[in-house]
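# Secondary and tertiary structure notes
Spelled out from the first residue to the last, the chains are:
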Amino acid sequence: MTNDRLIPVPGVITEIRRDTPDVKTFRVVGRDGKKPFVNIPGQCAMVSVPGVGESMFSVTSSPETPYMEFSIKKCGCVTEWLHSAEVGTEITVRGPFGNGFPVNTEFKGKNLVFIAGGIGLAPLRSVINYVRANRADYGKVTVVYGSRSKDDLVDFEEIKNEWANEKDFTVYLTIDRPQDTWDGHVGFVPAYVKELNLRTSDTVILCGPPIMIKFTLAALIELGFEKTQVYTTMELRMKCGIGKCGRCNIGDKYVCKDGPVFRCDQIDEMPNEY
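Within the largest apolar cluster, 30 residues are counted, with the highest numbers of intra-cluster contacts made by F101, F107, F114 and Y145. Elements that contribute at least two residues to this core include exactly β7 (112–117), α2 (121–133), β8 (141–147), α3 (156–161), β9 (169–175) and β11 (203–207). Residue contributions to this core peak at six residues, all from α2. For F107, the contacting residues outside a window of four places in its chain are F101, P102, L112, V127, Y138, T203, I205 and Y231. Counting 18 residues, the second largest nonpolar core, distinct from the first, contains V204, M212, L217 and C264.

This is how it looks when you write it as structure tokens:
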């Protein structure tokens, strides 16, 4: 941890995109038009609204971009304020926090399977787009993504128009219940994972609601995956980002310092508090 991570950098919202009825993506640059700081996929940043509060969010854009993006679900004081903000609004950001995904070590040269539920796609989007930008370094990519309804699929246009057309990318989408405007798969993510012919030699990156992660991991184990092949992120537990407040403490681990990215066998070593 360096002092620089504790110093808020003034930023400007340059673009706002509505992804779902309660999720917006905010594009942010510094006052000088440049990215506020350099990060790796999976790391987080503290977004602050002076006079309102601050919250920790995953950086959802790839490190390859000259800006930072945050996909934010409206669910509290800070997020409600951000959802009412307009292009040109100034905020502050600081970071990066956490360890990020091992994109340049453990993932390199591997076939990757991304499994997400709901807003859980947000932290995985940065990894997926990093893989797209460095395509020669990775093998085949499979994306399995589900949400409550078609309207709740985050980044649906990007998934449909870009990811699905990428070479050696396979995309599977599902929603929880039938919908008149949906002709794709219907069903929960864990059950869908069991239906798919996934390669058990692939590396899995998993994110979503805790109950979804629990049952999806069980489905993967049933299919023949090892927990050492599966990575997840627990950034929702992060608060201060520097291991001082104790909110993210699990046993002898601090999610903000030792995570938020963990292999699932590492989570087994922690108390069952997550």
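Okay, back to it.
Right, let's talk about the sheet that holds strand β10 (residues 185–186) for a bit. Taken in spatial order, the seven strands make up an open sheet running β10-β9-β8-β7-β11-β12-β15, and their pairing is mixed. Looking at strand neighbours, the two that pair on one side only are β10 and β15 (261–263), the edges of this open sheet. Against the sheet, α2 engages β7, β8, β9, β11 and β12 (230–233), with an angle of about 155° to β7. Sheet strands in contact with helix α5 (residues 210–223) are β7, β11 and β12, and its direction is about 160° off that of β11.

Turning our attention to the pattern of salt bridges. For the coordinates displayed, the defined rule picks out 20 salt bridges. The salt bridge involving E15 is made with R27; its shortest N-O contact spans 3.5 Å. With E15 in strand β1 (residues 9–20) and R27 in strand β2 (residues 23–30), the pair connects residues that are twelve residues apart, well separated along the chain. The class of E15 is partly exposed, set by a relative accessible area of 30%. Note that R148 is salt-bridged to D22, the shortest N-O span being 4.0 Å. Linking R148 in the loop between β8 and α3 with D22 in the loop between β1 and β2, this pair joins segments that are 126 residues apart in sequence.

The next point concerns α5. Between the first and last C-alpha of α5 there are 20 Å, a value that for 14 residues agrees with the 20 Å anticipated at 1.5 Å per step. By the burial criterion, the buried members of α5 are M212, I213, T216, L217, A219 and L220. Taken around the axis of α5, the buried residues stretch over an arc of 160°, which confines them to a single face. Along α5, exposed side chains directed more than 90 degrees from the buried face belong to P210, I211, K214 and E222. Taken from the residues just after α5, G224 is the one with a positive phi, measuring 115°.

Criteria and thresholds
Residues numbered from 1 in each chain as written. Predicted model: local features only at pLDDT ≥ 70, side-chain atom pairs only at ≥ 80, totals over all residues. Heavy atoms only, no water. Core = buried A, V, L, I, M, F, W, Y, C linked by side-chain atoms within 4.5 Å. Buried < 20%, exposed > 50% of the residue type's maximum accessible area, 1.4 Å probe, protein only. Helix = DSSP H or I, 4+ residues; strand = E, 2+ residues; numbered from the N terminus. Contact = heavy atoms within 4.5 Å. Pairing = 2+ DSSP bridges. Axes fitted to C-alpha atoms, helices over the stretch in contact; angles between N-to-C directions. Salt bridge = Lys/Arg side-chain N within 4 Å of Asp/Glu carboxyl O. Expected span 1.5 Å × (residues − 1). Arc of directions from axis to C-beta.

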